[in-house]
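# Close look at the chain arrangement
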2 protein chains.
Amino acid sequence: MSDTITLPAPADFHVHVRQGAMCELVTPHVAAGGIRTAYVMPNLVPPLTKTEAVLAYKNELERIAPGVEWLMTLYLHPEVTPEEIRKASKAGVSGVKSYPRGVTTNSSSGIEDYGVYYPVFKAMEEEGMVLNLHGEVPSDDEKNISVLNAEKHFLEHLRKLAADFPNLRIVLEHATTAEAVECVASLGPNVACSITAHHLWLTIDTVAPQPHHFCKPLAKEPRDRRALQDAVKSGNPKFFLGSDSAPHPSAAKAPKISEEGELHSCAAGCYTSPYLIPLVATLLESFGALDKLQGFVSDHGRSFYKVPAKKGQELILRRPATAIKVPAKLEGHGNEVVPFWAGRELGWEIAQ
Amino acid sequence: MSDTITLPAPADFHVHVRQGAMCELVTPHVAAGGIRTAYVMPNLVPPLTKTEAVLAYKNELERIAPGVEWLMTLYLHPEVTPEEIRKASKAGVSGVKSYPRGVTTNSSSGIEDYGVYYPVFKAMEEEGMVLNLHGEVPSDDEKNISVLNAEKHFLEHLRKLAADFPNLRIVLEHATTAEAVECVASLGPNVACSITAHHLWLTIDTVAPQPHHFCKPLAKEPRDRRALQDAVKSGNPKFFLGSDSAPHPSAAKAPKISEEGELHSCAAGCYTSPYLIPLVATLLESFGALDKLQGFVSDHGRSFYKVPAKKGQELILRRPATAIKVPAKLEGHGNEVVPFWAGRELGWEIAQ
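How each quantity is defined
- Here the residue numbering is sequential within each chain, running from 1 through the sequence in written order.
- All chains are assigned letters beginning with A, and all ligands numbers beginning with 1, in the order in which they are written.
- With the structure being a predicted model, the display of local features is reserved for residues of pLDDT at least 70 and the display and counting of side-chain atom pairs for 80 or more, all residues being used for whole-chain, interface and lining totals.
- Just so you know, side-chain values use all the structure's heavy atoms and leave hydrogens and water out.
- Stacked, tilted and edge-to-face are the three classes applied to pairs of Phe, Tyr and Trp rings, where Trp contributes its six-membered ring and a pair requires centres within 6.5 Å; stacked means planes under 30 degrees apart, edge-to-face means over 60, and tilted covers the rest.
- Secondary structure elements are defined from DSSP: runs of H or I of at least 4 residues count as helices, runs of E of at least 2 residues count as strands, and each element is numbered from the N terminus.
- Remark: exposure states derive from per-residue accessible area (1.4 Å probe, protein chains only) relative to the maximum for the residue type, with buried under 20%, exposed over 50%, and partly exposed in between.
- Residue contacts are defined here by distance: any two heavy atoms, one from each residue, within 4.5 Å place the two residues in contact.
- Throughout, the accessible surface (probe 1.4 Å) given up by two parts as they are put together, summed over both, is called the buried area.
- We count a salt bridge whenever a side-chain nitrogen from Lys or Arg sits within 4 Å of a carboxyl oxygen from Asp or Glu.
- Definition of nonpolar core: a set of buried residues of the types Ala, Val, Leu, Ile, Met, Phe, Trp, Tyr and Cys, connected through side-chain atoms within 4.5 Å.
- Pairing of N or O atoms within 3.5 Å defines a polar contact, subject to two protein rules: one partner must be a possible hydrogen donor and the other a possible acceptor, and residues neighboring in sequence count only if both atoms are side-chain atoms.
- Asp and Glu are treated as the negative residues and Lys and Arg as the positive ones, with His and the ends of the chain left uncounted.

### Considerations on the packing of aromatic side chains
Residue and element names in this part refer to chain B.
- Per the counting criterion, the structure on display carries 32 aromatic pairs over all chains.
- Geometrically, the ring pair formed by tyrosine 39 and tyrosine 305 is tilted, given 4.7 Å between the ring centres and 55° between the ring planes. One end of the pair, tyrosine 39, is in strand E3 (residues 37–40); the other, tyrosine 305, is in helix H10 (residues 293–305), and 266 residues separate them in sequence. A single burial state applies to tyrosine 39 and to tyrosine 305, both of which are buried.

### A few points about the environment of isoleucine 64 of chain A
Residue and element names in this part refer to chain A.
- Along the polypeptide, isoleucine 64 turns up in helix H2 (residues 51–64).
- Taking the relative accessible area as the measure of exposure, isoleucine 64 reaches 16% and is therefore buried.
- C-alpha separation for the pair isoleucine 64 and threonine 27, spaced 37 residues apart in sequence, amounts to 6.8 Å.
- Those residues in contact with isoleucine 64 that lie beyond four places of it in its chain are Cys23, Glu24, Thr27 and Pro28.

### Section: the interface of chain B and chain A
- Contact residues are listed per partner, giving 40 residues for chain B and 40 residues for chain A.
- Carbon and sulfur atoms supply 58% of the area buried between chain B and chain A, which totals about 3300 Å² over both sides.
- Among the residues of chain B in contact with chain A, Asn144, Pro209 and Leu263 of chain B are the three that bury the most area, contributing 16% of the side total.
- Where chain B packs against chain A, one counts four salt bridges.
- A salt bridge links lysine 325 of chain A to glutamate 262 of chain B, with the shortest nitrogen-to-oxygen separation between them at 3.5 Å.
- Looking at the side of chain B that touches chain A, the elements with two or more residues in it are helix H7 (204–207), helix H8 (222–234) and strand E12 (263–264) of chain B.
- The element best represented in the side of chain B that touches chain A is H8 of chain B, accounting for four residues.

### Overview of the nonpolar core
- By size, the foremost hydrophobic cluster in this structure holds 210 residues, and its most contacted members are Leu158 of chain A together with Phe121 and Leu158 of chain B.
- Apart from the residues lying within four places of it in its own chain, the contact partners of leucine 158 of chain B are Leu133, Ile170, Leu172, Cys183, Val184, Leu187 and Val191 of chain B.

### Focus: the side chain of threonine 176 of chain B
- Relative to the assigned elements, threonine 176 of chain B resides in the loop between strand E8 (169–173) and helix H6 (178–186).
- Engagement of the side chain of threonine 176 of chain B in a polar contact is seen with the side chain of lysine 220 of chain B, the distance being 2.7 Å.

### Some remarks on the side chain of lysine 238 of chain B
Residue and element names in this part refer to chain B.
- Note that lysine 238 resides in the loop between H8 and strand E10 (239–241).
- Buried charge without a partner: lysine 238 forms no salt bridge, and the closest opposite charge is glutamate 173, 13 Å away.
- For lysine 238, the side chain forms a polar contact with the main-chain oxygen of valine 191, separated by 2.7 Å.
- Discounting residues that sit within four places of it in the chain, lysine 238 has contacts with Val184, Ala185, Leu187, Gly188, Pro189, Val191, Ala192 and Cys193.

This is the structure:
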């Protein structure tokens, strides 16, 4: 087996780079992890519902990390009208992200019903913008909907959207279940699916005792992880990397008791950006899919998003001469983030 | 509705009171929570596999909290022979607890195969000792066994033991699934089931983001919680309180990074002892089962275990005149434990 791998311009089609001091810390990590093109999520506070706000955010990211191609998104919301879509498209905004209300970080402005957005989706279809779906329905005790089956219940919405908008490119983000993989594979070429690094490794057994493994959607059963790994191994171009790398201050990952004695939950998200491509290479090798690395991190997503790799942006990976451990924490700008796989060894590194 | 409830000598048929300084802190909480009889788990370090060790532990508990009737158990282990069973029975030990290997706190000495213990179970049957089962099989990626279905997979072992030992009293501890409730209800009168307070309230949605809600077995779907609540509401005497109250130092409930940069998991367990009966009353009232409180916390378990309530041990609950919140933490003897429901209001209190 070769000791180096050359990849044409790896891309991460789902990344959170936050705001303020946290943005200053984490934005440079995207390039450090081997990423040349990053598709940026709009769930800021307040959410990015206006083209101007998206462009201002893009300027900020370009200031902090000018070497990365930042692809931008709007947050699906009543303020996002068909007119706003046309304006955003002209301004180079790539897509629109939909969050069901309340299911993850900063999603309290999320949608409850897709019907009202059909004119928006029509405009997106005409403009060639991509619809990115956080594929979970809200939990509902009466209907036995929980974080375990929230994604399965969402698939009927995906099927309906795919049928109603056959020319709208739709991405089911961060799939976590065998059913989601099967559903996406069965749908037309307008539907694709991002897969995170952490969901290729976690199951519910390693999530339950470890807040640093808690993310939405939750990692599920071994059979689900196997389905994600098999999707990567298949080489099916519908499946590509979207890391959902989502930094939280380490304090937000420990249980907290307020002065009033209230117990607060831990924040959802795994942080993989700083060493993303070495991690993905290590994981793919672990389940015999290293030969699919280029398709998964470069070709498939770029082809779906119509963002070809540029020349001179190749990334070279090599096997480390000495063991490289993921650091216990990343610090700076007054923040501290514990990365996913802290303390574990990576099988690949980026050649300097 | 009445503002007071008189209960004949509440009993907790599954409690962890630990060792050393933690034991000094938590043992008095059992009586404070309204419990007159407590069935004590043997998963100490080292596990209690000898009658002498069990008796020494009982002496310790009686020294710390003489007002409680402590019912003692052995830890199922190769050292527990039929001879040891007869010795333990003579010494007043009530039962034997079985932990599948590696599934919960201090279970690394747990069993892997019940077949080798059939002579032990035979002796227990003859002596009238109770077999207490932690009803989970170990996780196995290849077989798609995870913390989500580990209990369901255990039920075949329960069915086989119940059939092979029709006169051995067997308790499936801390049931968490609809399937477990159904299985126990379908088996003969020699099989019963303990239910914790926390599993009557938690589901996976409130466990995943909160280490203080992480316990084994994991709380599962809303349908499972409903099945547990319905088992209580049914008044079926096979179902009774076993709190599995399991204190951990609060530091063990936060993610930790060692000096080597390794990420450590949070400990499994919810701590309910200090206000157990008020909590159970509050929960049962919330799902319309307050009329089943006496059966659940006193009659059913005592009848199965043949430990009648003593006169003069009644517990009187009343509605608090002013709101009573579960404290944010319980401190003492160098330990600090965050209790279950910290910061939430209880609907009942123990009348002084």
